[in-house]
Amino acid sequence: MNEKDIKNLEEIFEQRIARDEKIEPKDWMPEKYRQTHIRQISQHAHSEIVGMLPEGNWITRAPTLRRKVALLAKVQDEAGHGLYLYSATETLGITREELYEQLHSGKAKYSSIFNYPAITWADMGAIGWLVDGAAIINQVALCTTSFGPYARAMVRICKEESFHQRQGFEILLTLCNGTEVQKAMAQDSLNRWWWPSLMMFGPPDAESTHTEQSMKWKLKRKSNDDLRQQFIDQTIPQAEILGIKVPDPDLKWNEKRKSYDFGEIDWEEFWQVVKGHGPCNKERINARIDAWEKGVWVRDAALAYAEKQSDKKLNKAV
Amino acid sequence: MKNKNLYNYILGIADNSLILGQRLGELCGHGPNLETDIALTNISLDLLGQTRNYYQYIARLHDKEKTEDDIAFLRSEREYINVLLVEQPNTHFGFVMARQFFYDVFHLMLMEKLQESKDETLSAIAKKAIKEVSYHFRFSSDWVKRLGDGTKESHYKMQEAVDELWRFTDEFFHLTEADKAMIEAGIGVDVSNFKEAYYIKVSEILTEATLSIGASKYFQKGGKQGIHSEHMGFILTELQYMQRTYPNMKW
Amino acid sequence: MKKNWPLWEVFVRSKNGLEHRHFGSLHASDEKMALENARDVYTRRNEGVSIWVVKSIHITATNPKNNGELFEPAKDKIYRHPTFYKLPDELKHM
């Protein structure tokens, strides 16, 4: 194909997306579209499975049986969502194993929020309420993204995740209606998770790269700052219902904007965590590598067994 | 208590589900791959669901008002009466599958008979559980075959797990005083009646998996009397952490 | 290269009377495991009564490059649709 042909194809491609047509895996697509999607969808998948770890570590310590099964089901859903997203990435011509390799080597990124430690039971509430709450805002927008398999995975994920945030909020609500110790636990948890949750929407628009391209491809429907504002505006009234205070002295309702003004985010901390130096980056990746490496003999065995079985079948047929 | 034997009989079954469910819960997020991780969590959820059904039922037998959580979280170590097998650690995936398999074969046979219990609640729980347990059995026995008849390494590891855990299988068939009283009353299942069938079934699958049957004739017991392995204390430390650290609170 | 569990496509019938629909994909070493994994992954919320799995490599698909010759020609055969035929309004149930 010469350059002019490609240019032509690209134009037709961009027009299809502008018309809200979906792009399917076997369709022609610009190489950059493919690469960007592999990066973003796998990053999303990695976030799901690394996200299992901070909550997974509380399954054995959940305070009641009802909480235990709910938390187990929630963490299991995250495995499912990781699986749907890896599958969507695989349609672009890369294997799950290659994607794991990128995660384990540190080449691929995942949401920074999971590099913070979950140290009290209240953190199970805060993660569900804030982290899932922030994730849902991003994910709902992605249900209409241009790449078919990604959009379909997002629709399924959004449907399943509807209980996650409620689960978290209910945990906190119970604490806030409980003893002083429990209330303090809830407040402490909000103090620690609030700012990292705001960072989940990514750097401020002025510093955000490839936003324009992502908007065009509908990988992004609103800017980072717009989504962050939306999250804050919907979360503050919820904190009021709980009766706990967001740790931001500059937070104030702005009547003119009909939105909350809020304080400065510590972007230095954000970049430190993104670059691999958050409180738990090493632990998270090591846990993933450990699970994967300890599973080698199991996966090999299953394959060897399958081969033996199909050989047996063949021999019988002959 | 109105019916101490009934209480203890059901507690014995329920504690097995609780502790095995707890052990499997440790693995969530650490399985050999995503699909297997999800499957193991499903089994854990089934077991914990059954546990809740049993505990909710026997909580009503208490004189004082008790909840499922009181029973699950607020007993001392000697008051848990699960068999030793289910508290054994997740040493490696072979151990997880061997433990599951040995338990599932027993659990399935128990549920089949428990459906016929004169106690309607118990029979209803068993009827619901049997569908779940049938699936567990299918899942674990398939994996025993895959690992036993997979690679050289997996065969070795699976055999290691079978040999280690074999000594805990006999305890299933020990009858406690509560067991005997409930069998007498037509409520409990006389598990000694299917002991032979149990070992036949286990041997059949192990043989298909090219594994040799546990050689040891020396078996371990004690769990049913509340005399556990050293692992149990650590399991309870995690299980009870919240309830013990913050007593008398709602979660 | 190291061998990995093959990819399977999963089709689920949500309830009797409906067709099997493509739900997604997963990895499994053999067909039995593929069915079990499909059950555990895709029917956690009671979404199905029947599951089909097929190795992804066994699916033969049309190439979108040929969509013109494959699918365009059907577009102008409007006489295959009932609305092509003009009938009086008084005529009911046809």
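Remember, predicted model here, so these are calculated numbers, not experimental data.

> Would you mind showing me how to read the nonpolar core here?
Taken as a class, soluble globular proteins show a tendency for nonpolar side chains to be buried jointly. Within the largest apolar cluster, 196 residues are counted, with the highest numbers of intra-cluster contacts made by Trp194 of chain A together with Met111, Trp143 and Tyr198 of chain B. Among the elements that take part in this core, helix α4 (residues 93-114) of chain B stands out by supplying 15 residues, more than any other. In contact with Trp194 of chain A, not counting residues within four places along its chain, are Leu130, Phe231, Ile232, Thr235, Ile236, Val246, Pro247 and Asp248 of chain A.

> Help me understand the environment of Asp290 of chain A in this model?
Residues and elements named next belong to chain A. Structurally, the position occupied by Asp290 is in helix α11 (residues 281-294). By relative accessible area, Asp290 is classed as partly exposed at 37%. Separated by 163 residues in sequence, Asp290 and Ile127 place their C-alpha atoms 24 Å apart.

> Would you mind going over the packing of helix α2 (residues 31-56) of chain A against helix α6 (residues 148-176) of chain A with me for this structure?
The angle between the axes and the distance between the axes are what describe a pair of packed helices. Residues and elements named next belong to chain A. Between α2 and α6, whose axes approach to 12 Å, the crossing angle comes to 25°. Here α2 is positioned roughly parallel relative to α6, judged by the angle of their axes. Along this stretch, α2 crosses α6, giving a crossing that reads as left-handed. From α2, Gln40, Ile41, His44 and Glu48 reach across to α6, where they touch Tyr150, Met154 and Glu161. Considered class by class, the residues forming the contact of α2 with α6 number three nonpolar, two polar and two charged.

> Is there a simple way to think about empty space enclosed by the protein in this case?
Summary: where empty space remains is shown by rolling a probe the size of a single water molecule over the atoms. Residue and element names in this part refer to chain A. Taken as a whole and judged by the stated rule, the model has three cavities of 30 Å³ or more. Taken as a whole, the largest cavity encloses approximately 50 Å³ of empty space. Around the largest cavity, the lining residues are Ser112, Ile113, Tyr116, Pro196, Met199, Met200, Phe270 and Val273. When residues of the lining of the largest cavity are traced back to their parent elements, those giving at least two are α7 (180-199) and α10 (267-277). Grouping the constituent residues of the lining of the largest cavity by class yields seven nonpolar, one polar and no charged.

> Just checking my understanding: could you explain the packing of aromatic side chains for this structure?
Any pair of aromatic rings gets described here by the distance separating the centres and the angle formed by the planes. Within this structure, the stated rule accounts for 36 aromatic pairs over all chains. Seen from their ring centres, Phe201 of chain A and Phe231 of chain A are 5.4 Å apart, and the 50° between their planes marks the pair as tilted. Taken together, the residues Phe201 of chain A in the loop between α7 and α8 (211-216) and Phe231 of chain A in helix α9 (residues 224-242) connect sequence positions 30 residues apart. The same class applies to Phe201 of chain A and to Phe231 of chain A, which are both buried. Each ring, one from Phe172 of chain B and one from Tyr198 of chain B, has its centre 5.8 Å from the other, and the planes form 70°; the classification is edge-to-face.

> I would appreciate a short explanation of the layout of surface pockets in the present structure.
All names here are of chain A. What the second largest pocket holds in volume is close to 1,200 Å³. Sort the elements by how many residues they give to the lining of the second largest pocket and α6 lands first, with seven residues. Of the residues assigned to the lining of the second largest pocket, the class counts are 13 nonpolar, 10 polar and 12 charged.

> How should I be thinking about the confidence of the model for chain B in this particular structure?
A low pLDDT means the predicted coordinates there should not be read in detail. Overall, the predicted model of chain B reaches an average pLDDT of 97, with 100% of residues at or above 70. Predicted as a complex, the structure gets a pTM of 0.95 and an ipTM equal to 0.97.

> What is the right way to look at the sheet that holds strand β2 (residues 20-27) of chain C in this model?
Backbone hydrogen bonds are what pair the strands of a sheet, in a parallel or an antiparallel way. Residues and elements named next belong to chain C. The sheet built from three strands is open, its strands ordered β2-β1-β3 with antiparallel pairing. The open sheet has two edge strands with one neighbour each: β2 and β3 (50-55). In this sheet, adjacent strand axes meet at a mean angle of 25° when their direction is disregarded. Two strands pair when backbone bridges link them, and strand β1 (residues 7-13) and β2 are joined in this way by seven bridges, in the antiparallel orientation. The partner of Leu7 across the bridge, within β2, is His27. Across the sheet, helix α1 (residues 31-42) is in contact with β1, β2 and β3; its angle to β2 comes to roughly 110°.

> How should unusual backbone geometry be read in this particular structure?
Both trends apply: most residues other than glycine have a negative phi, and most peptide bonds are in trans. Look at Lys218 of chain A: it is not a glycine, yet its phi comes out positive at around 65°. With respect to the helices and strands, Lys218 of chain A occurs in the loop between α8 and α9. Unusually for a residue other than glycine, Asn248 of chain B sits at a positive phi of about 60°. By secondary structure assignment, the location of Asn248 of chain B is in the segment after α9 (231-245).

> Could you clarify how one ought to interpret a nonpolar patch on the surface in this entry?
Where nonpolar side chains cluster on the molecular surface, the patch consists of Ile78, Tyr79, Phe84, Tyr85, Leu87, Leu91 and Met94 of chain C and spans about 770 Å² of accessible area. Structurally, the position occupied by Ile78 of chain C is in the segment after α2 (67-71).

Rules of the game
Residues numbered from 1 in each chain as written. Chains lettered and ligands numbered in written order. Predicted model: local features only at pLDDT ≥ 70, side-chain atom pairs only at ≥ 80, totals over all residues. Heavy atoms only, no water. Core = buried A, V, L, I, M, F, W, Y, C linked by side-chain atoms within 4.5 Å. Buried < 20%, exposed > 50% of the residue type's maximum accessible area, 1.4 Å probe, protein only. Helix = DSSP H or I, 4+ residues; strand = E, 2+ residues; numbered from the N terminus. Contact = heavy atoms within 4.5 Å. Axes fitted to C-alpha atoms, helices over the stretch in contact; angles between N-to-C directions. Parallel < 35°, antiparallel > 145°, perpendicular 65-115°, else oblique. Left-handed = near helix turned anticlockwise from the far one by under 90°. Nonpolar A, V, L, I, M, F, W, Y, C, P; charged D, E, K, R; others polar. 1 Å grid on protein atoms, 1.4 Å probe; cavity = no way out; pocket = protein on both sides within 12 Å on 5 of 7 lines; lining within 4 Å. Points joined across faces, edges and corners; volume = space filled by probe spheres on them. Phe/Tyr/Trp six-rings, centres within 6.5 Å; stacked < 30°, edge-to-face > 60°. pLDDT = per-residue confidence, 0-100. Pairing = 2+ DSSP bridges. Patch = residues over 30% accessible without salt bridge, like charges linked within 9 Å, V, L, I, M, F, W, Y side chains within 5 Å. Areas by Shrake-Rupley, 256 points an atom, 1.4 Å probe, with all protein chains shown as cover. Salt bridge = Lys/Arg side-chain N within 4 Å of Asp/Glu carboxyl O.

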